[in-house]
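# Architecture at a glance
Here is how the chains run, residue by residue.
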Amino acid sequence: MAKYALKYDSTMVGAKFVYQPQKGHSAQWTTNVHDEGQFGDIPKGYTFITTGYYYNAPGSYVIWALTTIGVYISIDYLYDEYQKVWSYQAYAVKLSGHSDTQAQALVRRIIANNIQITKNNLVCARYAGKFTAAQKELIRELQSRVARRNNVLQNQDLCKGIQTSSINTYPEMAGYEDLSGYLDKLMNGEAVGIATWAVVVIAAVIIAGMGTAAYFVYKDFADESEKDIKYSKQLMAVLAQKLTPEEYQQLLNETKGIVTKAKIRQAAGSYGKVLMIAAGIVGGAFLYRFITKNH
């Protein structure tokens, strides 16, 4: 059972919260209230619009309010503590609802992109020596964000019928099994005993009536996955130009004839002509996409 229960308050639909903490008072934000390791500090002056949905632990005065950019902000109502942290305006923005179908489309995009990025990263990790240090860091960033998106799909109480699969049991990833160790090594470094990174969510269905909340939770993650798939294709384009005929044959043998030269070029998409991947796009610190988002 989840530690927090998802609730709804119509008075918080379209409410505006501006982070203006007084000395000695603060709040936090997170993409997942169930993940104790993903809480972060909010930049002063940052503005949020709440959706009406929030998480609350039994007996707690602190709520985690879902905002329109998919993050949750902490609001402490004990002794009106929030007034020392937040500048608040009710009904500041008129928000439209979203259907279960619209939210489900976002979930499908996230799942499809996560699977493709993982497949690409498995191949890239096999020949990690072909990449620069910045490019290898980008591979790690991409797979870390895949893991985060998988985690969000599984732990937001918005989906049912959630299925996960490892590379060894998912038919769509057949042939890639022997490459998982290379990805684990790239991701874990010298660490041992860490679960494989090649595990993905392969199915999730929006719970009836949760379309609006799910849409706000998953919209930015779906957009993030679209950007990540482009970076992943660029990496595959880099690899396609660097592999020798012997290495292509080696990869074909190791993947039971599945990963062909044509498949690698297909995975590179329109990036067949290599685009330079600068160190500047390696970023991916916690909540980076929200800090830079204009709203």
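Details of the structure are given in the entry above.
Values in this document were obtained by computation on a predicted structure and should not be read as measured data.

### Re the environment of Ala112
Positionally, Ala112 belongs in helix 1 (residues 100-126). Looking at Ala112, the relative accessible area reads 44%, which means it is partly exposed. The spacing of Ala112 and Ala203 is 91 residues in sequence and 9.8 Å in space, taken between C-alpha atoms.

### Some points on the pattern of salt bridges
Summed over all chains, the structure comprises twelve salt bridges. When the shortest N-O distance is used, the salt bridge between Glu226 and Arg109 registers 3.4 Å. Residue Glu226 is found in helix 4 (residues 211-242), and its partner Arg109 is found in helix 1; the two are separated by 117 residues along the sequence. When salt bridges with common partners are traced through the structure, they connect Glu141, Arg145, Arg148, Arg149, Glu224 and Asp228 into a single cluster.

### A look at the packing of aromatic side chains
On inspection of all chains with the given rule, the structure shows eleven aromatic pairs. Centre to centre, the rings of Trp29 and Tyr46 are 5.6 Å apart; their planes meet at 75°, and the pair counts as edge-to-face. In this pair, Trp29 is assigned in strand 3 (residues 28-30) and Tyr46 in the loop between strand 4 (39-41) and strand 5 (47-56), connecting sequence segments 17 residues apart. Given a relative accessible area of 10%, Tyr46 falls into the buried group.

### Side note on helix 3 (residues 180-188)
Taken residue by residue, helix 3 has Ser180, Leu183, Asp184, Leu186, Met187 and Asn188 as its buried positions. As for helix 3, its buried residues are in contact with helix 1 and helix 2 (133-154). Gly189 lies just past helix 3 and shows a positive phi near 65°.

Reading guide: rules and limits
Residues numbered from 1 in each chain as written. Predicted model: local features only at pLDDT ≥ 70, side-chain atom pairs only at ≥ 80, totals over all residues. Heavy atoms only, no water. Helix = DSSP H or I, 4+ residues; strand = E, 2+ residues; numbered from the N terminus. Buried < 20%, exposed > 50% of the residue type's maximum accessible area, 1.4 Å probe, protein only. Salt bridge = Lys/Arg side-chain N within 4 Å of Asp/Glu carboxyl O. Phe/Tyr/Trp six-rings, centres within 6.5 Å; stacked < 30°, edge-to-face > 60°. Contact = heavy atoms within 4.5 Å.

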